[in-house]
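Below are the chains, spelled out letter by letter.
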Amino acid sequence: MLRLQLPLPERYTSASPEELADRIAAAKTVLGDRLFILGHHYQRDEVMRWADARGDSFRLSVLAKEHPQAEYIVFCGVHFMAESADILTGDHQKVILPDLNAGCSMADMADLDSVEEAWQVLEQTTDVSGVVPITYMNSSAALKAFVGEHGGAVCTSTNARAILQWALDLGDWRGKGAGGRQVLFFPDQHLGRNTGYQLGYSETDMRVWNPHLEMGGLTEADLKDATFLLWKGHCSVHQRFRPEHVEQFRAEHPGGIVVVHPECAHEVVELADQVGSTDYIIKAVAAAPAGSVIGVGTEIHLVQRLNDETPDKTVLSLDPLICPCSTMFRIDAAHLAWVLDNLVEGRVVNQITVDERTSEWAKVALDRMLAIT
């Protein structure tokens with residue numbers, strides 16, 4: 001997806017951390033309750049210190065909805081998160097992304113055109129009435145609308161198991177007996193695969209759809225027989241974690257606890273002690289006994305924050321190269337100060353809007369998710 005963030009004025013790029021902090025604090029004071037700043041867990045500390053709420057993407061969007069007095073929702077996250085917030089919030093609220101280049105490489109791996117092409121192939125090859133499209137929350141509003149319009153739902157890393165079980169159990173609602181379901185899952189193949197294993201399926205029940213190849217790189221038999229058609233997409237951070245990272249951690253910290261995100265590859269998930277969403281990881285660290293050494297497979301800013309905020313435990317990244325989410329990393333104090341200064345002066349910059357039709361169908365998919373879970 002093409003986005004363009006214009007360079008910031010020099011007064012922001014050359015400002016010291018203290019000067020930027022003064023600007024942000026002053027703007028927050030002026031805007032008061034009209035402003036609500038959301039900070040995703042993967043954000044830098046220089047941004048998170050100003051967040052009125054912090055959490056994962058969907059929870060933050062819900063919180064924005066629950067603060068109708070806030071005219072300006074400044075979402076320190078990435079593009080698809082700001083879209084979800086715009087879908088859920090009121091018409092009087094404006095959702096702002098401090099840096100338009102803060103996208104999500106995983107979300108961009110499945111675009112609407114590619115998914116529609118895949119659906120057309122399925123229509124021509126198999127009984128598409130038995131295929132339920134499920135999109136991960138980490139996807140564009142357009143894809144959320146697609147699954148809403150085609151009888152599917154959105155899922156999060158927390159409720160993926162419940163949503164996929166629902167899709168597989170639809171039964172006669174889609175015109176076939178129970179057990180005849182197929183799921184087209186996008187954009188993250190790893191979350192889909194790991195959840196399929198949780199449900200008792202194996203690799204023989206799964207095929208990977210490569211959008212860059214004819215028929216997804218699959219045969220007609222593959223398309224008809226597979227229970228899970230998994231989009232060839234991944235998280236650029238979570239795919240970095242490898243089995244050897246887990247093995248090295250265990251060698252260095254006998255008795256240590258390994259907790260990883262389900263966006264990691266299955267061979268990593270198999271070696272972990274615990275697997276769960278960002279929120280799950282936070283709770284797992286909190287629940288670990290004092291003195292624990294915990295190796296975490298997720299984004300480094302959250303890992304470091306957990307280590308700082310739990311001084312009775314040692315929280316380490318499993319990846320020795322400590323790779324941050326490069327798109328989340330784009331949002332910094334300078335961009336936050338810039339958007340807030342503009343709001344103080346009566347200008348709304350970097351507003352994220354979702355058109356009415358897309359918003360309506362995306363909300364169908366989100367409401368379906370909430371009804372299921």
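Residues numbered from 1 in each chain as written. Predicted model: local features only at pLDDT ≥ 70, side-chain atom pairs only at ≥ 80, totals over all residues. Heavy atoms only, no water.

Let's talk about the overall build of the protein
(1) Moving on: Counting its regular elements, the protein contains 17 helices and 13 strands.
(2) Moving on: Relative to the globule expectation of 21 Å for 373 residues, the C-alpha radius of gyration of the protein, 21 Å, shows essentially globular dimensions.
(3) Moving on: By its C-alpha atoms, the protein is 60 × 55 × 35 Å across when sized along the principal axes.
(4) Moving on: For the protein, with 373 residues in total, the buried portion stands at 57%. (Helix = DSSP H or I, 4+ residues; strand = E, 2+ residues; numbered from the N terminus. Rg over C-alpha atoms; globule rule 2.2 N^0.38 Å. Buried < 20%, exposed > 50% of the residue type's maximum accessible area, 1.4 Å probe, protein only.)

Thoughts on helix α12 (residues 243–252)
(1) Moving on: Every buried residue belonging to α12 is among Pro243, His245, Val246 and Phe249, and all of these are buried. On an axial view of α12, the arc spanned by its buried residues comes to 160°, and they lie on one face.
(2) Moving on: Looking at the buried positions of α12, the neighbouring elements they touch are β10 (257–260), α13 (266–269), β12 (293–297) and β13 (314–317). (Arc of directions from axis to C-beta. Contact = heavy atoms within 4.5 Å.)

A look at the sheet that holds β13
(1) Moving on: Overall, parallel pairing links the four strands, which are arranged β11-β10-β12-β13 in an open sheet. Where the open sheet ends on each side, the last strands, each with one partner, are β11 (274–275) and β13.
(2) Moving on: Taken together, the two bridges between β10 and β11 define a ladder with parallel strand orientation. In the sheet register, Val259 faces β11, and the bridge partner there is Gln274.
(3) Moving on: Its contacts with the sheet put helix α14 (residues 278–287) on β10, β11, β12 and β13, and the angle it makes with β10 is roughly 165°.
(4) Moving on: Relative to the sheet, helix α15 (residues 300–309) contacts β12 and β13, its axis offset from that of β13 by approximately 165°. (Pairing = 2+ DSSP bridges. Axes fitted to C-alpha atoms, helices over the stretch in contact; angles between N-to-C directions.)

With respect to the nonpolar core
(1) Moving on: Counting 126 residues, the largest nonpolar core has Val74, Ile134, Phe185, Phe186, Leu336 and Leu340 as its most contacted members.
(2) Moving on: Element by element, the count of residues in this core is highest for helix α16 (residues 333–344), at eight residues.
(3) Moving on: Beyond its immediate chain neighbours, meaning those up to four positions away, Leu336 contacts Ile24, Ile37, Trp50, Val74, Cys76 and Pro98. (Core = buried A, V, L, I, M, F, W, Y, C linked by side-chain atoms within 4.5 Å.)

Some thoughts on the side chain of Glu299
(1) Moving on: Counting through the fold element by element, Glu299 comes out in the loop between β12 and α15.
(2) Moving on: For the buried residue Glu299, which engages in no salt bridge, the nearest side chain bearing the opposite charge is Arg305, 6.6 Å off.
(3) Moving on: Only 2.7 Å separates the side chain of Glu299 from the backbone nitrogen of His301, close enough to count as a polar contact. (Lys, Arg positive; Asp, Glu negative; His and termini not counted. Salt bridge = Lys/Arg side-chain N within 4 Å of Asp/Glu carboxyl O. Polar contact = N/O pair within 3.5 Å; in protein donor to acceptor, adjacent residues only side chain to side chain.)

Notes on unusual backbone geometry
(1) Moving on: Omega for the bond connecting Phe186 with Pro187 falls within 30 degrees of zero, at 0°, which places this linkage in the cis form.
(2) Moving on: Even without glycine at this site, Met215 takes up a positive phi of about 55°.
(3) Moving on: Tracing the backbone through its elements, the reader meets Met215 in the loop between β8 (206–209) and α11 (220–225).
(4) Moving on: Of note in this structure, Asn350 is not a glycine but carries a positive phi near 60°.
(5) Moving on: Among the secondary structure elements, Asn350 is positioned in the loop between α16 and α17 (356–372).

Here we look at the confidence of the model for the protein
(1) Moving on: With 96% of its residues at a pLDDT of at least 70, the protein reaches an overall mean of 93.
(2) Moving on: Contacts for the low-pLDDT stretch residues 172–179, under 50 throughout, to residues beyond four places or in other chains number 17 contacts. (pLDDT = per-residue confidence, 0-100.)

Observations regarding the environment of Ser61
(1) Moving on: As for its position among the elements, Ser61 is in helix α4 (residues 57–65).
(2) Moving on: Classification of Ser61 as buried rests on a relative accessible area of 0%.
(3) Moving on: With 15 residues separating them along the chain, Ser61 and Glu46 place their C-alpha atoms 21 Å apart.
(4) Moving on: What Ser61 contacts, discounting residues up to four positions off in sequence, is Phe75, Met81, Ser84, Ala85 and Leu88.
(5) Moving on: A polar contact is formed between the side chain of Ser61 and the backbone nitrogen of Ala85, at a distance of 3.3 Å.

As for the sheet that holds strand β7 (residues 182–186)
(1) Moving on: Strands sit in the order β6-β5-β7-β9-β8 across an open sheet of five strands; the sheet is parallel. Either end of the sheet is taken by a strand with one partner, and the two such strands are β6 (153–155) and β8. The average undirected angle you get between the axes of adjacent strands in this sheet is 25°.
(2) Moving on: As judged from the three bridges shared by strand β5 (residues 131–136) and β6, these two strands associate in the parallel manner. Along β6, the bridge assignment pairs Thr135 with Val154.

A look at α15
(1) Moving on: Along α15, the residues that are buried comprise Ile300, His301, Leu302, Val303, Arg305 and Leu306.
(2) Moving on: In this fold, the buried residues of α15 make contact with α3 (45–48), β2 (53–55), α14, β12 and β13.
(3) Moving on: The residue sitting at the N-terminus of α15 and contributing the capping side-chain oxygen is Glu299; that oxygen lies 2.7 Å from the backbone nitrogen of His301.

Looking at the pattern of salt bridges
(1) Moving on: Applying the stated criterion across every chain, the model contains 16 salt bridges.
(2) Moving on: A salt bridge links Glu71 to Arg34; the shortest N-O distance between them is 3.2 Å. Taken as a pair, Glu71 in the loop between α4 and β3 (72–76) and Arg34 in the loop between α2 (17–31) and β1 (35–40) lie far apart in primary sequence, 37 residues in all.
(3) Moving on: For Glu71, a relative accessible area of 25% translates into the label partly exposed.
(4) Moving on: With a shortest N-O distance of 2.9 Å, Arg54 and Glu309 are connected by a salt bridge. Placement of the pair is Arg54 in strand β2 and Glu309 in helix α15, with a sequence separation of 255 residues.
(5) Moving on: The exposure class of Glu309 is partly exposed, given its relative accessible area of 44%.

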